[in-house]
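Here are the chains, one letter per residue:
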Amino acid sequence: MTSDWTDDQPIYRQLRDKVVNAIIEGDLKEGEALPSVRAIAVDLQINPITASKAYQELVAEGLVEKRRGLGMFIIDGARHRVLEDERRRFLQEEWPRIVERVLSLGLDRERLLAIFDEQEGTK
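All of these numbers come straight from a predicted model, not from anything done at the bench. (Residues numbered from 1 in each chain as written. Predicted model: local features only at pLDDT ≥ 70, side-chain atom pairs only at ≥ 80, totals over all residues. Heavy atoms only, no water.)

### What about the overall build of the protein?
Line of reasoning, step 1. Looking only at helices and strands, the protein has five helices and two strands in total.
Line of reasoning, step 2. Start at the N end of the protein and walk to the C end: the helices and strands fall as α-α-α-β-β-α-α.
Line of reasoning, step 3. Overall size of the protein, expressed as C-alpha extent along the three principal axes, is 55 × 30 × 25 Å.
Line of reasoning, step 4. The buried share among the 123 residues of the protein stands at 24%.
Line of reasoning, step 5. Taking all contacts inside the protein whose residues are at least 6 apart in sequence as the whole, residues at least 24 apart take part in 51%.
Line of reasoning, step 6. Total accessible area on the protein is roughly 8,900 Å²; 51% of this is exposed by carbon and sulfur atoms.
Line of reasoning, step 7. Averaging the positions of the 19 positive and the 24 negative side-chain charges in the protein gives two centres separated by 5 Å. (Helix = DSSP H or I, 4+ residues; strand = E, 2+ residues; numbered from the N terminus. Buried < 20%, exposed > 50% of the residue type's maximum accessible area, 1.4 Å probe, protein only. Contact = heavy atoms within 4.5 Å. Areas by Shrake-Rupley, 256 points an atom, 1.4 Å probe, with all protein chains shown as cover. Lys, Arg positive; Asp, Glu negative; His and termini not counted. Charge placed at Lys NZ, Arg CZ, Asp CG, Glu CD.)

### Side note on the pairing of strand E1 (residues 64-67)
Line of reasoning, step 1. Bridging between E1 and strand E2 (residues 71-74) involves four bridges; their strand directions are antiparallel. Paired with Arg 67 across the bridge in E2 is Gly 71.
Line of reasoning, step 2. From the end of E1 to the start of E2, which pair antiparallel, there are three residues, and Gly 69 there has a positive phi angle of about 80°. (Pairing = 2+ DSSP bridges.)

### Topic: helix H2 (residues 37-44)
Line of reasoning, step 1. Regarding H2, the residues found buried are Ile 40, Ala 41 and Leu 44. When H2 is viewed along its axis, its buried side chains cluster within an angular range of 100° and face the same direction. Facing away from the buried side of H2 by more than 90 degrees, the exposed set consists of Arg 38, Val 42 and Asp 43.
Line of reasoning, step 2. Directly after H2, the chain includes Gln 45, whose backbone phi takes a positive value near 55°. (Arc of directions from axis to C-beta.)

The structure is reproduced here in structure tokens:
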């Protein structure tokens with residue numbers, strides 16, 4: 001994880017999002033320990049309280065569990081849960097804006113699908 005912070009959200013929220021993205025990408029796996037609050041704070045040059053707040057959000061969301069004396073661990077099923085939540089959020093919040101923009105630009109479905117297929121083929 002990198003310390004490229006923006007001004008549009010609190011840092012603890014951005015750290016939470018970085019962990020969620022790492023779970024989605026498979027960089028952090030279920031059952032794996034998260035770096036300690038102190039280690040992540042030093043690595044990312046943030047206040048340990050900020051890191052702790054991000055981790056507590058992950059616990060509250062049911063993605064991470066705290067094991068006394070051992071640290072924080074990603075729970076089983078976290079990746080599936082995150083993917084479902086992110087898909088739902090995308091379809092409810094982002095997709096309508098994308099559709100509106102596509103329509104305002106006069107792009108048609110066939111053109112978009114052709115571009116999608118082309119880009120998918122390059123991965």
